[in-house]
Each structure stands twice: as structure tokens, then as C-alpha cells.
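# Chain and residue survey
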Amino acid sequence: MTGRICGTGSALPHFRVTNDDLSKIMDTSDEWIRSRTGIETRYLATEETTTSLAVEASRKALENAGVDAAELDVIIAATVTPDKLFPTLSCELQSELGAVNATAFDISAGCSGFLFALNTVQAYIESGCCRKALILGAEVLSKIMDWGDRSTCVLFGDGAGAAVICADETGILKCVQRSDGAKGMALHCYNRPVNNPYKKNPADLDYTHMNGQEVYKFAVRTVPKTISEILAAVDVTPDEVSYFILHQANIRIIESVAKRLHQPMEKFPLNLTECGNISAASVPTLLDKVNRRGLLKKGDKIVLAGFGAGLTWGAAVLTW
Ligand code: COA
């Protein structure tokens, strides 16, 4: 048995912010953001929360799959911006959905979170202890951005994407997850500091810090190499792949991956133009967009790949 993606869903906040909107509140421009990243707009939470976006995306994925919440054995939410430290986002989701038979837990792996969740569910399915699972990435990154740091805050957005994974004869051919903690400070955000009666610290909250060029170099080196490795492991050539659904951080990274794999950009769908970088939600929201447009045909070979904080990265090749 393997895991098969049998339904997808996504949710975005209603409030859309253009590059020109940002240029009115900070020293930036549409030209700078668009030419450096490909991003044109992003959606930011005003009324929504990480949980509300996750619930909406998950309900749509269950409906798309024709699966009842009570049939789920496992729920894994990938997020770095849960509304609460505990209970987890996945436990809140279990309650909201009425997934009474599921075990639920969160994964924190930055922008690779959805791939880590997929890999984990695949291991559960292969071991025979799960038949139906819900995995998702949900983020309200705008709450951990330093809105005075134009080099990071213009890149990110908020949203959620989900997928239902069912045990089946065909589906995931190979997936991997990897990490290199030694490079973690390239993209980091501190949690609240130690603060107790014996050790006082100011209660200042930290925000996202990023060494953009280091992350860029890591991505363009690691992503094509990992994709090439998993494809070779299952004897599939890049030419046989219909779509490469990559984490949406920067169009230049995606163009570089396409070039290194000798594949046309038409095989690399985008939603960064509209949504910016939504971390763990990026791959599943894009997958949902492509799925709902009817672009995926039964039997198509699809590659999913994520990379980000940790540093972490992961990829999967599957038959649709
Ligand atoms: N608007 C206008 N100018 C900006 C700006 C903004 N939003 N952000 C930074 N700048 C300025 C800088 O201050 C700098 O000015 P200076 O030369 O006068 O010092 C100049 O633009 C160049 O900055 P730099 O950081 O060298 O730009 P870059 O070409 O490396 O592009 C990124 C920056 C972030 C777009 C690029 O490094 C990148 O995409 N990295 C990968 C990040 C990523 O994908 N992260 C998520 C991974 S999950």
C-alpha cells in the first residue's frame, strides 16, 4: 500500500495587499519586489486566524475527496504560526471537523512542513496503521514579520492548504525529508524568552530574520539535486513529469530549478505572484489550484518539493 492524494483544499484571507499598497507604508516599490521575487500581491489576515484558515482548507479537501471527517485516522498540521502553543492546531482542527477517530499532531519544519507531513503519513500508511489522513499547511506569517524590515516582510503572505491522503495501490512513488540544523540561523525567529521569578527577561517578542542570499543559494543547490535523486530512485525522468509543484518563495529560485532540470517553466505552476510565500501552506495551496483547474490527469507524474527554515527540505514524486 502507498499514499494517494485523493482531495485538496485551500483558503486565503480576504484582504489583498499589492506591492503598490506596501510602497505607501514603507520604502519599497512594485518594481523592486516584482523584479527580485516575482511577487505582485499577497493576502494578509485581518479577521482570519491560522485555525480558521486551516478549518476552511480542510473542509474543502474532505469534500473534494468525498471523505467524512470521522473516517480520518491521522491529522497532521504543519505550521510555524499556530494560534496557541497548545493545544496544537491539529487538535483544534480535529475538534472543529468532528474527526473523532483521528490522532492529531503538529509538525514544525518551516516551508518544508507539508512535505514532512506527507512523508510522515506515507510511513504510517506503509506500516499499515493508517488508511485515511488529512495533512495541511496553515500560516499567518504576517504576525511574525518585522514590518519595519522591508527585506523580509514584503515576501510573505497568509493562507492554508490541505490534502486528504488515502491508502491505495498507486500514488506516492517516493518521498524524502532532510534537514541541516547547522544552517538554522539563516532563517529564524525566537520564541518568548526565559522569564520566571529567578530569571527576568524583557517580554519583547522576536520577529523573522533571514539571510536572503544564503537561503537563496541553499535552495538553488538543494532542490534540483533532491528532485533528481528521487526521480532516479524510481526510474522516472524529468521529461516524464507533468508538473513540478515547488515551494513558492521566489520566481528566480523556480527558474533556476527548471533550468537545472532542463524543463520548461510551463511545467512549474505558480501562485507566488498572487500569494507571496506562505511557508508550509505554499505547496498545498498551489496543488489545490492546479487540481481544481483540472490540469492533473489520472496517471500523470507529479513532483512536489519544499525547502525552508531548519534548514529543511523535502520532495515527493507521485502518480496522480
Ligand atoms: N524594497 C526596496 N529595496 C529593498 C527591499 C525592498 N523590499 N529589500 C531590500 N532592499 C534593498 C537592500 O536594502 C539593498 O540595498 P543596498 O544595496 O543599498 O544595501 C538592496 O535592496 C539589495 O538587497 P539584497 O538583500 O542584496 O537583495 P537580493 O538581490 O539578495 O534579493 C531577496 C533579496 C530576499 C529577494 C533574495 O535574497 C531572495 O529571494 N532570497 C531567498 C529568500 C527566500 O526565498 N526565503 C524564503 C525561503 S523559505
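Read on for an overview of the structure. (Residues numbered from 1 in each chain as written. Predicted model: local features only at pLDDT ≥ 70, side-chain atom pairs only at ≥ 80, totals over all residues. Heavy atoms only, no water.)

### A few points about helix H4 (residues 89-97)
Every buried residue of H4 is listed here: Leu89, Ser90, Leu93, Gln94 and Leu97. Viewed along the axis of H4, the buried residues span an arc of 140 degrees, placing them on a single side of the element. Turning to H4, the residues buried within the fold contact helix H3 (50-65), strand E4 (74-78), strand E5 (103-107) and strand E6 (132-140). Backbone geometry just after H4 places Gly98 at a positive phi near 75 degrees. (Buried < 20%, exposed > 50% of the residue type's maximum accessible area, 1.4 Å probe, protein only. Helix = DSSP H or I, 4+ residues; strand = E, 2+ residues; numbered from the N terminus. Arc of directions from axis to C-beta. Contact = heavy atoms within 4.5 Å.)

### Notes on the side chain of Thr51
Structurally, the position occupied by Thr51 is in helix H3. We classify Thr51 as buried; its relative accessible area is 11%.

### Notes on the nonpolar core
Residues Ile227, Phe244, Leu246, Val257, Phe268 and Phe307 are the most contacted members of the largest nonpolar core, which totals 44 residues. Those elements that place two or more of their residues in this core are helix H7 (212-233), strand E11 (241-246), helix H8 (251-260), strand E12 (301-308) and strand E13 (312-319). When residues no more than four places from it in sequence are discounted, the contact partners of Phe244 are Ile227, Pro238, Leu261, Gln263, Lys267, Phe268, Pro269 and Val303. (Core = buried A, V, L, I, M, F, W, Y, C linked by side-chain atoms within 4.5 Å.)

### What to know about the sheet that holds E12
Pairing in this open sheet of four strands is mixed, and the strands run E8-E13-E12-E11 from one edge to the other. Single-partner strands in this sheet number two, and they are strand E8 (172-179) and E11. Going across the sheet, the axis of each strand differs from the next one's by a mean of 10 degrees, ignoring polarity. Taken strand by strand, helix H5 (residues 113-126) contacts E8, E12 and E13, and its axis lies near 125 degrees from that of E8. (Pairing = 2+ DSSP bridges. Axes fitted to C-alpha atoms, helices over the stretch in contact; angles between N-to-C directions.)

Read these as geometric descriptors, not functional statements.
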